[in-house]
Amino acid sequence: MSKKVAVILSGCGVYDGAEIHESVITLLRLDQRGAQVQCFAPNIAQLHVINHLTGEEMPESRNVLVESARIARGNVKDLREARVEDFDALIVPGGFGSAKNLSNFAVEGAGCSVQPEVLALTEAFAEAGKPVGLICISPALAAKIYGPGVTCTIGTDADTAAAVTKMGGTHEECLVTDIVEDTARKLVSTPAYMLAQNISEAASGINKLVDRVLELTHENDA
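Note on numbering: residues in each chain are counted from 1, in written sequence order. Note on the predicted model: pLDDT of at least 70 is required for a residue's local features to be given, and 80 or more for side-chain atom pairs to be given and counted; whole-chain, interface and lining totals, by contrast, use all residues. Processing note: side-chain calculations cover all non-hydrogen atoms of the structure and skip hydrogens and water entirely.

As annotated in an unreviewed UniProt entry, the chain carries the name Glyoxalase and is attributed to Pseudomonas marvdashtae. Per UniProt, the chain carries the Catalytic activity (unreviewed entry) text "glyoxal + H2O = glycolate + H(+)". UniProt positions are given in the numbering used here, feature names are shortened, and annotations may be inferred rather than shown by experiment. In its Function (unreviewed entry) section, the UniProt record describing the chain reads: "Displays glyoxalase activity, catalyzing the conversion of glyoxal to glycolate."

Pasting the structure below:
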C-alpha cells in the first residue's frame with residue numbers, strides 16, 4: 001500500500017524560496033518509490049524577492065503559495081488545508097525560503113520563531129510520532145518543532161550549527177552523501193546544498209533521506 005507524504009514548499013528559488021533542485025529531487029524520489037505526494041505552502045507574502053541573476057533584492061512582492069505552484073506544476077494546496085491524519089510522513093526541502101518564509105531564522109537566528117501554520121503542522125507530525133525529513137537549512141527549525149535534545153544536521157557550517165545548539169538541539173556533522181536520524185523522534189535530516197557542490201551530490205543525501213523516511217512509515221504496519 002503506497003504511503004502518503006506531505007511536502008512543504010517555501011516559494012520558488014534558493015535565495016527567497018524553496019531550493020528548486022532539492023524540491024524536485026525530493027518529489028522525483030518519492031514518485032520513484034511509489035508514494036502519493038501532496039505539496040503544501042503557506043498562503044503568505046515572501047519576506048522579500050531576490051533577483052537570482054544578480055543576488056539583489058527586487059522592489060516587488062510575491063506570494064509563497066503562488067510561487068510554490070511553479071515547482072508543483074500547480075498542484076499545491078494552502079497549508080491550512082493540511083491534516084496530519086491524512087499523511088504518513090512529512091518532508092521539508094531547503095532553500096532560504098525555509099529560513100525567511102517558513103520561519104525568520106535568516107533574520108533572528110537562534111531567537112527565531114516558526115510561521116504559525118508551519119509550526120502547527122510539523123508539531124502535529126511530531127506528536128503523532130510520524131516520520132519527518134528536513135533538508136538543507138530546514139533542520140535549523142528542528143528544536144522549535146521537537147523541543148530541546150532533538151538531533152539533526154545542517155552539515156558542517158559552524159555558525160548554523162551553533163544556532164541549532166543554542167536553541168537546544170544536538171547537532172551532528174554530516175557528509176553531503178549521508179543522513180542523520182533521531183531515532184526516538186523519527187526525524188531524518190541531510191545537508192544537501194548546505195554542502196553540495198553539484199546536483200548529484202545533493203541528490204545522494206536527499207535520496208537516502210526519502211528512502212529512510214518511507215522505511216520509517218512501515219514500522220507500524222501490521
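Continuing now.
Our next topic: the nonpolar core. The nonpolar side chains of a soluble globular protein tend to be buried, and buried together. Counting residues in each nonpolar core, the largest one holds 33 residues, and the members touching the most others are Leu 90, Phe 105 and Leu 187. Looking at which element gives the most residues to this core, the answer is helix H6 (residues 142–146), with four residues. Only heavy atoms matter for contacts: two residues are in contact if any of them lie within 4.5 Å across the pair. Not counting chain neighbours up to four residues away, the residues in contact with Phe 105 comprise Ala 99, Ala 110, Cys 112, Ile 137, Ala 140, Leu 141, Thr 160, Ala 163 and Met 167. The nonpolar core is taken to be a set of buried Ala, Val, Leu, Ile, Met, Phe, Trp, Tyr and Cys residues, with the residues joined through side-chain atoms within 4.5 Å. Relative accessibility thresholds used throughout: buried, under 20% of the residue-type maximum; exposed, over 50%; partly exposed, between the two (1.4 Å probe, protein chains only). Of all hydrophobic cores here, the second largest spans 32 residues; its members include Cys 39, Val 176, Ala 202 and Val 210. A helix here means a DSSP run of H or I that spans at least four residues, while a strand means a run of E at least two residues long, and both kinds are numbered starting from the N terminus.

Our focus in this paragraph is the side chain of Ser 68. In this structure, Ser 68 sits in helix H2 (residues 64–71). Setting aside residues up to four positions removed in sequence, Ser 68 forms contacts with Leu 9, Ser 10, Gly 11, Ala 41 and Val 76.

What follows deals with the pattern of salt bridges. The salt bridge criterion pairs a side-chain nitrogen of Lys or Arg with a carboxyl oxygen of Asp or Glu, the two atoms within 4 Å. According to the stated counting rule, one finds 12 salt bridges in the structure shown. Two residues, Glu 60 and Arg 62, come together in a salt bridge whose shortest N-O distance is 2.8 Å. Note on Arg 62: relative accessible area 27%, which makes it partly exposed. A salt bridge links Asp 78 to Arg 80, with the shortest nitrogen-to-oxygen separation between them at 2.9 Å. Using a relative accessible area of 48% as the deciding quantity, one classes Arg 80 as partly exposed. In this structure, a network of salt bridges that share partners links the residues Glu 60, Arg 62, Glu 67 and Arg 70.

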